[in-house]
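Structural characterization, general
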Amino acid sequence: MYHSALTRRAGTAFALLTSLCLLSQGGAQEQGQGFGTRSYQNCPGCMSFRQSKSLRELISKSRTQTKSNSLEKYTFYPHAGIATRADLHLSNYTDQDTSGSYQDPFCGDRTYNGHRGIDTSILLWEHQDIGVPVFAALDGTVIATHDGEFDRNTSWNGQQANFVSIDHGNGHVTDYLHFKKNSVAVSVGNPVSAGQQIGLVGSSGISTGPHLHFATFLDGNFIDPFAGPCGESESLLLRQNEISSPMYIREFTITTQDLNSWNGPPTATSNQGKFLVNTTSQLYFWINLVNMTNGANYRIRYLRPNGSVAYDNGTHNFSSIYNWSWWWWRQTLTYNQTGIWKIEFSINGNVVARAPFEVVSSPSQMGNEPPKAQAVKFANPVVFDEVPVCRITNPTVLDDPDYDVVRFRYVWKVNGSVVRDTVSAALADALALNLFSAGDTILCEVTPNDGTVNGPMRSVSATVAISSPPEVTHTHPGRVLRRTSVHRGTAIDDFGVVRVSCTMKGLGTRSARLSETTWSCRLPIGKLKRKGKRRTVVTTYAYDEEGQRGVSRRSFRIK
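Below: a short report on this structure. All values derive from a computational prediction rather than experimental measurement. (Residues numbered from 1 in each chain as written. Predicted model: local features only at pLDDT ≥ 70, side-chain atom pairs only at ≥ 80, totals over all residues. Heavy atoms only, no water.)

**Section: the packing of aromatic side chains**
Two descriptors summarise a pair of aromatic rings, namely the distance from one centre to the other and the angle between the planes of the rings. Selection rule: When the centres of two rings from Phe, Tyr and Trp lie within 6.5 Å, Trp using its six-membered ring, the rings pair. Their planes under 30 degrees apart give stacked, over 60 give edge-to-face, and anything left gives tilted. Numbered from the N terminus, helices here are DSSP runs of H or I no shorter than four residues, and strands are runs of E no shorter than two. Burial classes: relative accessible area under 20% of the type maximum marks a residue as buried, over 50% as exposed, and values in between as partly exposed (1.4 Å probe, protein chains only).
With the rule as written, the count across this model stands at 26 aromatic pairs. Relative to Phe 226, the ring of Tyr 93 has its centre 5.1 Å away and its plane inclined at 85°; by these criteria the two rings are edge-to-face. Of this pair, Tyr 93 sits in the loop between β5 (89–92) and β6 (118–121) while Phe 226 sits in the loop between β14 (221–223) and β15 (248–255), and the two are 133 residues apart along the sequence. Of the two residues, Tyr 93 and Phe 226, neither departs from the other in class, the shared state being buried. Between the aromatic rings of Phe 252 and Phe 285, the centroid separation amounts to 4.9 Å while the plane-to-plane angle is 0°, which identifies the pairing as stacked. Of the two residues, Phe 252 is situated in strand β15 and Phe 285 in strand β17 (residues 280–290); the sequence distance between them amounts to 33 residues. Accessibility assignment for this pair places Phe 252 and Phe 285 in one class, buried. Joined through ring pairs, the aromatic side chains of Phe 252, Phe 285, Tyr 298, Phe 318, Tyr 322, Trp 327, Trp 329 and Phe 345 make up one cluster.

Dropping the structure here:
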C-alpha cells in the first residue's frame with residue numbers, strides 16, 4: 001500500500017504527476033525536455049495509522065457533543081491565500097464513492113479512494129519557508145495537537161503529522177494537518193477565535209508537498225463541507241463558489257538554469273529578469289498550469305521591444321491533460337535590442353501571460369528591482385460576526401520584475417492600534433473575530449517584499465457593520481410551528497438582500513432559500529419536541545451587498 005508509479009515516455013518527452021497526499025500532477029517541455037513520474041497514493045487520514053486512530057477516539061469522546069445534525073457555517077476558508085485563479089490550488093475534494101473507486105462531490109475525479117478532507121496546496125518550499133498561515137475556521141477549544149515532526153516529506157513512509165484539532169461545540173470538530181515543524185501556535189485546552197492563526201502550512205505526515213488537509217466531523221463522523229450533485233445536500237461554506245476556478249497559470253518564472261535536471265515543484269529554480277545587450281543565451285521559463293481542459297493547446301512568441309517577433313514556436317497540443325501540471329520550455333535568443341522584451345504565452349488562442357524581461361546596455365543596470373505595487377481589498381463585507389479577509393485585488397504571477405519569490409507584510413489595525421503584524425507568502429490574510437467589535441474601524445496594510453527590498457505599500461479600511469437594514473420581518477400562520485412548517489418572511493432594503501441565515505435556539509444555524517425578497521427556512525421541529533421543548537426562538541440575519549445586516553427575533557410555540 002505504498003504507492004504505484006507509472007512513468008510515461010513519448011519519444012524523449014516525459015510527464016510529471018506528483019501527490020501531496022492529494023492527487024497532484026505535473027508536466028513536460030516542448031521538444032522532449034521535461035521529466036518526471038506519475039504516482040498514486042491512498043492515504044485517507046494523511047497521518048500514521050496509530051496517530052489517526054488516537055485522534056478519532058479523542059473526537060468521538062469530545063465532551064461537548066450533543067448529537068445534533070446542525071453545523072455552523074464557515075465564513076471563510078481557513079488557509080491563507082486565494083483559491084480562485086491565484087496562489088492556492090484546491091487539489092482534492094472528499095471521495096464520495098464507497099464502492100472502492102473514487103468520485104468528488106461534483107461527480108468528477110478530483111480526489112482519490114477513501115480521501116476524507118479538503119486539500120489546498122501552496123507551490124514551493126520557499127513559500128513554506130516564508131510562512132503561510134492556517135486559521136481556526138470557527139470559535140472553539142483545542143482538544144489535540146502534535147508538533148516537532150519533519151515537514152518536508154515527499155514520499156509515504158507512515159510518518160506522523162503535525163496537526164491541530166478544535167472542538168467547536170455541538171459535536172462539531174475540525175482537523176488541520178501537515179503543519180510546518182514548530183509552527184503550531186496553540187495548546188490543548190486553549191480557547192481559539194475564528195480567524196486566529198493556529199499554525200503554518202507544511203508537509204509533515206503522509207504528504208509529498210506543502211498543503212493543508214482540512215477535515216470536518218460531526219459527532220465523530222466525517223462531514224463534507226462541499227455541496228455538489230454527487231455529495232452533500234448543503235454546503236458548510238458560506239461562499240462555496242469562491243473556491244472553484246477555471247484553467248489558469250499559477251506561476252511563471254524566467255531563468256537561465258538548465259532545467260533538464262530539475263524535478264519540478266515544490267523545488268524552485270533560479271530566476272532572472274535582466275540580460276545584457278548583444279549577448280546570446282539559452283533562456284528557459286517554466287509555468288505551473290492548473291485545471292487544464294481537454295484539447296488544450298499553446299503558442300509561445302518572443303517579442304522584442306519594438307514589437308517584432310524574435311521567435312514564434314507555432315501552435316502545439318499539450319502532451320497530456322492534468323488538474324495540476326508544470327511545464328518548461330527553452331529558446332536560444334540573441335538580445336539585440338535594449339528595452340522590455342516579452343514572452344507571450346497563449347492557450348487555446350487566448351494570450352494568458354506577457355512575461356516581461358529587460359535587456360540593458362551595461363552591467364551596472366543589472367541590479368535588483370523591487371516588487372510591483374499590489375492593490376488590496378476586503379474579500380467580503382466587513383461585518384461583526386464574520387472573519388475579515390484582506391487580499392490582493394488582482395493577483396498576477398508577474399508580481400516581481402526579477403521573478404523573485406514575493407512575500408507580504410500584513411499589518412492589521414483596529415481603531416489605529418496594531419493587532420496583527422505578520423509576514424506571509426500568501427496573497428490573503430485573516431483577522432481573528434475576537435480582535436474587533438461592531439462599529440470599529442479596521443485597516444489592513446500590505447507591503448510586498450522580494451527578500452531584499454520592499455515594494456509600495458497599499459491599504460484598505462472599513463467600519464465594521466452593525467445591525468441595521470435590511471428590514472427583516474417574520475410571518476407564520478397562527479404563530480405555531482409544526483413538524484412540516486416552513487418559516488417565511490421578507491427582507492428588503494435599497495441595496496437588495498444577498499443572503500439570509502436563520503438561527504434556532506437549541507438547533508444551531510440553518511441557511512435559508514432566498515427568492516427575490518422572500519426567504520424560507522425549514523425547521524426540524526421534531527428534534528425540539530423530542531427534547532421536551534415547548535417554544536423556540538428564531539433569529540433571522542439578512543445581509544445586503546454593502547455588508548449591512550438586519551436582525552429579527554421571534555418566539556414561536558411548538559405544537
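Picking up where we left off.
**Let's talk about the pattern of salt bridges**
Selection rule: Salt bridges are defined as contacts in which a side-chain nitrogen from Lys or Arg sits within 4 Å of a carboxyl oxygen from Asp or Glu.
The final tally for this structure, using the stated rule, is nine salt bridges. Its salt-bridge partner being Arg 152, residue Asp 129 comes within 2.8 Å of it at the nearest N-O pair. Residue Asp 129 is found in helix α2 (residues 125–130), and its partner Arg 152 is found in the loop between β8 (140–146) and β9 (163–167); the two are separated by 23 residues along the sequence. Given a relative accessible area of 42%, Asp 129 falls into the partly exposed group. Note on Arg 152: relative accessible area 28%, which makes it partly exposed. The partner of Arg 239 in a salt bridge is Glu 386, with the nearest N and O atoms 2.9 Å apart. Of the two residues, Arg 239 is situated in the loop between β14 and β15 and Glu 386 in the loop between β23 (376–378) and β24 (389–392); the sequence distance between them amounts to 147 residues. Each member of the pair, Arg 239 together with Glu 386, is buried. Connected through salt bridges with shared partners, the residues Arg 301, Glu 344 and Arg 354 form a single ionic network.

**Here's the deal with the nonpolar core**
Under the convention used in this document: Note on terminology: a nonpolar core comprises buried Ala, Val, Leu, Ile, Met, Phe, Trp, Tyr and Cys residues joined through side-chain atoms within 4.5 Å.
Ranked by internal contacts, the top residues of the largest apolar core, which has 63 residues, are Tyr 176, Ile 198 and Ile 442. Those elements that place two or more of their residues in this core are β7 (133–135), β9, β13 (211–218), β23, β24, β25 (407–414), β27 (428–430) and β28 (441–449). Considering each element in turn, this core owes the most residues, four residues, to β25. Counting 32 residues, the second largest nonpolar core, distinct from the first, contains Ile 254, Phe 275, Ile 287 and Ile 300.

**Examining the pairing of β25**
Applied cut-off: Two strands qualify as a pair provided DSSP detects at least 2 bridges between them.
Counting buried positions along β25 yields six of eight residues, so the element is predominantly enclosed. With eight bridges joining them, β25 and β28 adopt antiparallel strand pairing. Residue pairing in the sheet places Val 414 in a bridge with Ile 442 of β28. Where β25 meets strand β26 (residues 417–424), seven bridges bridge the pair, whose relative direction is antiparallel. Looking at the pairing, Trp 412 lines up with Arg 420 of β26. Adjacent in sequence and paired antiparallel, β25 and β26 are bridged by two residues, among which Asn 415 carries a positive phi angle near 55°.

**Observations concerning unusual backbone geometry**
That bond from Pro 265 to Pro 266 is cis: its omega, 10°, falls within 30 degrees of zero. Counting through the fold element by element, Pro 266 comes out in the loop between β15 and β16 (274–276).

**With respect to the sheet that holds strand β20 (residues 324–334)**
For sheets, the rule is that strands pair by backbone hydrogen bonds, running either parallel or antiparallel. Rules: Between the N-to-C directions of two axes lies an angle of 0 to 180 degrees, each axis being a line fitted to C-alpha atoms and, for a helix, fitted only over the stretch in contact.
The antiparallel open sheet is built from three strands, whose spatial order is β15-β17-β20. Since the sheet does not close on itself, it has two edges, and those belong to β15 and β20, each with one partner. Each adjacent strand pair in this sheet contributes to an overall mean axis angle of 20°, direction not counted. Sheet topology note: the β15/β17 ladder contains seven bridges and is antiparallel. Paired with Tyr 248 across the two strands is Val 290, which belongs to β17.

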